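# Observations on the three-dimensional arrangement
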Amino acid sequence: MHRTAGNRAVRRVVRAGVAGVMVAAGVGLGAFNAWWVALVIGVPLIVVGIAVLPRPSRVSELPEFRRGTSTSAVPIEVEAITRSSLAAGEMQPTMLTATIRPPDDTAYRGRWISSMSRSHFHSVVDRPFTTVPGEALPDRAPARTPEFGDQPGRWAIAYPAAAVVAAGVVLLGVPGSAWDIDVSMPSVSGMSGGGGESGSDDATAGLDDRKRTALDQIARLGPTASSNILSIDLDEDDTTRAEVYDPATGEAITLSNYSGRGWDEPRRGTTTKRRPDTFRADEIAATDLGALTSTMDSRLRAIRPGLRYADMTIHRPVRGEPVLLVGEFGADSTPDVEIQGRPDGQVAEFFDPGDLTTSFRLARDAFTGAGLATDQPNLRRFEIRGTADNTSIMYAGQIQNSGGVLMEFTSPVRHGTLTVVPGEFPALSDYRGRSSAGDFSFDQVRPGVFESVRTQAMTRGAIEPFDRSAVDIEATSVFQHGGDPVIKVELARESASAGTYSMSGQFLESGY
C-alpha cells in the first residue's frame, strides 16, 4: 500500500503542477493581450486551473476501498472495522483489521485505513468475508500502526506548493512577448451565414493596402529596418502585426495595429532569430495579395469547401529558402488549414493524399524537380499517408501529422528525404557526399498496384468505403531481407487491414 499511496501522491503533484501552469497561462494571456482575450481565454484557464488543483482533505491521501473483482483478487476476513464520524460525507476514513489469505502464501493479520463509502461500509459489516485487489494489500509488518490522525500528513502542503512553484516558473521564465498571441475577434463578415465566398472577399479586401502601410511603418524604424523584416501578419479583423530584427542589439521590434485603430508604440523583446531569418521589403512589395488569396481560396474550396480567410503570415520559415506567404483558412466548426504561396504568385497544391493518382502525379513532379531520375534504383521508402483523423501511423516521420507523400532516396552521391504535403511546396532535405545506391526506382512503384493493395486491405479489414482515404501505404526496402522492397498498408487504424504485399500487389502476410 505504501507504493500505491506514493504513486497516487506523485500523480497529484503532477496534476497540481499542471493546474499551476494553467493559472499562470491565464494570467499571462490576460495581462499581455486585449481585454477580450483575458475574458475569453485567460479567465477560463484560471478557473479550470483552480478546479483541477487537488485539494488536501481527510481522505485525499487515502486509497479508496474497493472490492477485488479479478482472478488475482485476494480473500480477506474483516475482524474489526471503525468508521470515522467527524463528518457526514459519503467518503470517510475507515480502519480495517482483517486476516489476509494470499493464495500460495501464509495468511497474516493486517490493519490499514482507507477512504470508504457508506455502501461499502455496510456491505463489509454484513459480509466480512470479501476480497481486495492485490495491489491494495497492507504490509505484513508495518513500521507503525496507522491512526486516524495520520492523514493528510506531509503531502497536505505539497499540492498547493507545487502549483505555486509551477505558476512562478511559467510567469517568471516566459518573456512577455511570448504571451502576445495572434488571435482576433470574429468579424461580421465571418459570422454571416450562407455566403462563404463573400466572407472571404470581405476579409481579404484591402490586404495590399495593409501590406504597404505595414512596410511604411517598418521603414520609419530606421535605415536598416526594411532589410531585416522577420514577419508581417494580416488578420481577418483588420489587425496587422510586424516583427523586425534589430542587428545592433539582436532584439525583435514588434509593431501592432489592432483592428485598424492605429499603430501602438513599438515594443522590443528577445528573439532567437537572426539576420538569415529576415527578408527585405522589396521581396514582397510587388506581390498581389488579393490575387494570391483568391488562388488559395479556389484551391482549398475544391477539396475543403466552406473555409474562409482567417490570416496571412509573411515570413522566411527556413533559412536559405524562399519567403513564404502562408494563408490560414477556417470555419466555425472545422480546424484551420494552411496553404503556402510565394511572392511571385505561385500557390502550393492542396490535395487529398487518399487520391492516389494525384499523389503520384505530384510526387513525380517533385522527384524530377529535385533532379532525381525516376528510372534509377534510388529509393528506400515511398509512403503516402492520408489526412483523415483516423488515419493509421505505421511509422513516425515527417508526414505522420500532416499527411502527404514521403520519399526517402539515396544514391552514390546524395541522399535525403523529399516530402509533398497538402498546402505546402515540396520540401527537400538533401545531403551531398558518398552514399549507397537505393533498392528500387520510382517507376517500380505503380499507382495501379497501390490501388489494388488498398482494395485488398479494405476487404480484409472490412473497411467502410468512406474510410478509403484514411490510408497509410508505403513501398519500402528498410529492414527487408536482401533489400527487396515490399508494400505495407493499414487503413482507419484497423489492425485487421494491416498487411504486407509484394511490389506486384500479391498478399504476403498479415501485419507489417
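The shown structure was predicted, so the numbers you read here are calculated from the model rather than taken from an experiment.

Our next topic: empty space enclosed by the protein. Counted under the stated rule, the structure contains 1 cavity of 30 Å³ or more. Along the lines of polarity and charge, the residues of the lining of the largest cavity split into 7 nonpolar, 1 polar and 2 charged.

Looking now at the packing of helix H7 (residues 207–219) against helix H8 (residues 289–303). Closest axis-to-axis distance for the H7/H8 pair is 7 Å, and the angle between their directions is 130 degrees. Comparing their axes, H8 and H7 come out oblique. Taken together, the residues of H8 that come into contact with H7 (itself represented by Leu 207, Asp 208 and Lys 211) are Leu 289, Gly 290 and Thr 293. In the contact of H7 with H8, the residues fall into 2 nonpolar, 2 polar and 2 charged.

Before going further, it helps to spend a moment on the sheet that holds strand S18 (residues 494–501). In a beta sheet, neighbouring strands are held together by backbone hydrogen bonds and run either parallel or antiparallel to one another. Spatially, 8 strands are ordered S15-S14-S13-S12-S16-S17-S18-S19 in an open sheet, and the strand pairing comes out antiparallel. Since the sheet does not close on itself, it has two edges, and those belong to strand S15 (427–432) and strand S19 (507–510), each with one partner. Neighbour-to-neighbour, the strand axes of the sheet open up by a mean angle of 10 degrees, direction not taken into account. As paired strands, strand S17 (residues 486–491) and S18 are joined by 4 bridges and run antiparallel to one another. Directly across from Leu 491, in S18, lies its bridge partner Glu 494. On the sheet, helix H9 (residues 356–369) packs against strand S12 (379–385), strand S13 (404–410) and strand S14 (414–420) and is oriented at approximately 140 degrees with respect to S12. Sitting on the sheet, helix H10 (residues 447–461) touches S12, strand S16 (471–476), S17, S18 and S19, and the angle it makes with S18 is about 145 degrees.

On to unusual backbone geometry. Positive phi values are uncommon outside glycine, yet Ala 462 reaches one of about 50 degrees. Tracing the sequence through the fold places Ala 462 in the loop between H10 and S16. You can call Ala 462 exposed: its relative accessible area is 63%. In this model, Arg 493 sits at a positive phi of 55 degrees, which is unusual for a non-glycine residue. Along the polypeptide, Arg 493 turns up in the loop between S17 and S18. Judged by relative accessible area, which is 53%, Arg 493 ranks as exposed.

Right, let's talk about the environment of Ser 469 for a bit. Within the fold, Ser 469 resides in the loop between H10 and S16. Spatially, the C-alpha atoms of Ser 469 and Asp 355 are 7.2 Å apart, while their sequence positions differ by 114 residues. A distance of 3.2 Å separates a polar atom in the side chain of Ser 469 from a polar atom in the side chain of Asp 352.

Looking now at the pairing of strand S1 (residues 74–83). Bridge analysis of S1 against strand S4 (residues 129–132) gives 4 bridges, and the strand direction is antiparallel. Bridge pairing in S4 places Pro 75 opposite Thr 131. Bridge count between S1 and strand S2 (residues 91–100): 7 bridges; the pairing is antiparallel. For Ala 80, the partnering residue across the bridge sits in S2 and is Thr 97.

Attention now moves to the packing of aromatic side chains. What the rule picks out here adds up to 9 aromatic pairs. Each member of the aromatic cluster is reached from another via a ring pair, and the members are Phe 360, Phe 367, Phe 382, Phe 442 and Phe 450. When the ring centre of Phe 121 is taken as reference, the NZ or CZ atom of Arg 83 above it lies at 5.8 Å. Sitting over the face of the ring of Phe 425, Arg 342 holds its NZ or CZ atom 3.8 Å from the ring centroid.

Moving on, we get to a nonpolar patch on the surface. A cluster of nonpolar side chains, Leu 39, Val 40, Val 43 and Val 47, forms an exposed patch at the surface whose accessible area comes to about 350 Å². Inspection of the secondary structure assignment puts Leu 39 in helix H2 (residues 35–52).

Definitions and cut-offs
Residues numbered from 1 in each chain as written. Predicted model: local features only at pLDDT ≥ 70, side-chain atom pairs only at ≥ 80, totals over all residues. Heavy atoms only, no water. 1 Å grid on protein atoms, 1.4 Å probe; cavity = no way out; pocket = protein on both sides within 12 Å on 5 of 7 lines; lining within 4 Å. Points joined across faces, edges and corners; volume = space filled by probe spheres on them. Nonpolar A, V, L, I, M, F, W, Y, C, P; charged D, E, K, R; others polar. Axes fitted to C-alpha atoms, helices over the stretch in contact; angles between N-to-C directions. Helix = DSSP H or I, 4+ residues; strand = E, 2+ residues; numbered from the N terminus. Parallel < 35°, antiparallel > 145°, perpendicular 65-115°, else oblique. Contact = heavy atoms within 4.5 Å. Pairing = 2+ DSSP bridges. Buried < 20%, exposed > 50% of the residue type's maximum accessible area, 1.4 Å probe, protein only. Polar contact = N/O pair within 3.5 Å; in protein donor to acceptor, adjacent residues only side chain to side chain. Phe/Tyr/Trp six-rings, centres within 6.5 Å; stacked < 30°, edge-to-face > 60°. Lys NZ or Arg CZ within 6 Å of the ring centre and 35° of its normal. Patch = residues over 30% accessible without salt bridge, like charges linked within 9 Å, V, L, I, M, F, W, Y side chains within 5 Å. Areas by Shrake-Rupley, 256 points an atom, 1.4 Å probe, with all protein chains shown as cover. Salt bridge = Lys/Arg side-chain N within 4 Å of Asp/Glu carboxyl O.

Structural measurements only, silent on function.
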